[in-house]
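Structure assessment
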Amino acid sequence: MGKFLPGMAALLMLLLLVSYSHSDTTLISPKPEAVQEWMESHSQPNAKQKITKLRFYFHDVVSGKNPTSVTVAQWNSSATTPTLFGLVNVMDDPLTEGPRRDSKLVGWARGMYTSASIENLGLLMTLSFVFRDEHGSTITVVGHNQILNKYREMPVVGGSGLYRLARGLVTARTVWLNVTTKDAVVEYNAVLLHY
Ligand SMILES: *[C@@H]1O[C@H](CO)[C@@H](O)[C@H](O)[C@H]1NC(C)=O
Ligand SMILES: *[C@@H]1O[C@H](CO)[C@@H](O)[C@H](O)[C@H]1NC(C)=O
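These notes cover the structure that comes with them. (Residues numbered from 1 in each chain as written. Chains lettered and ligands numbered in written order. Predicted model: local features only at pLDDT ≥ 70, side-chain atom pairs only at ≥ 80, totals over all residues. Heavy atoms only, no water.)

1. Here we look at the packing of aromatic side chains
Rules: Under the pairing criterion, centres of Phe, Tyr and Trp rings, with the six-membered ring standing for Trp, must be within 6.5 Å; the plane angle then separates stacked pairs below 30 degrees from edge-to-face pairs above 60, leaving the rest tilted. Helical segments are the DSSP runs of H or I of at least four residues, strand segments are the runs of E of at least two, and each set is numbered from the N terminus. Note on classification: 1.4 Å probe, protein chains only; a residue is buried when its accessible area is under 20% of the maximum for its type, exposed when over 50%, partly exposed between these limits.
Overall, the coordinates contain six aromatic pairs when judged by the stated rule. Measuring from ring centre to ring centre gives 6.0 Å for Phe56 and Tyr188, while their planes differ by 15°; the resulting arrangement is stacked. Pair noted here: Phe56 is in strand β1 (residues 50–60) and Tyr188 is in strand β9 (residues 184–194), with a separation of 132 residues, a long-range link. Both residues of the pair, Phe56 and Tyr188, belong to the buried class.

What follows is the structure in structure tokens.
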């Protein structure tokens, strides 16, 4: 037992390292004292707000051997409704600097979208944009995405890292869609108010 446990611990550690090694921000974890200190200095009435604008491209890959967006649940009749009502997808979609897939990777869209509209093709997006910066900064988007509209607008309800206490908006515009596979590239523009 005494010999077995350290061996198990080492094996678990190795498994964790191996499974996380594809993502260089997963291991970043902020120190609680540093976050508390930051909150105290930025929650004063005269704390100055910043505006940050970001643009990135979201690659939703639902087809092929390595999809980054997968259907995890649906109503027994989702597939036969015109709006796929009741379908739930989980995604870990890459975000890149430019519209091409081989453009620089800047982060990931991690979360879910749910077909939540009976009449229009409308998704409830609940996701974090996780950025590949030195803080592993995130912004959280929760909103309605009527994907056939040219521009869609969704609220940013919070953030972490560089975007602590963020609120704001993202706009989404589909720049490429394969009508056969339904793979898509979407341009996102974010405007964030934060401290
Ligand atoms: C689908 O679900 C409904 C209830 O929502 C049920 O009445 C129906 O029998 C189900 N159909 C099939 C094909 O399982
Ligand atoms: C869409 O996907 C299909 C199936 O993979 C492929 O044959 C086709 O070339 C793609 N179309 C475009 C415009 O990329």
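2. Focus on the pairing of β9
Inclusion rule: Paired strands, in this sense, are two strands between which DSSP finds at least two bridges.
The buried fraction of β9 amounts to eight of the eleven residues, a majority that puts the element mostly inside the structure. Bridge analysis of β1 against β9 gives eleven bridges, and the strand direction is antiparallel. Bridge pairing in β9 links Ile51 to Leu193. Pairing geometry for strand β8 (residues 167–177) and β9, over ten bridges, is antiparallel. Counterpart to Thr174 in the pairing with β9 is Val186.

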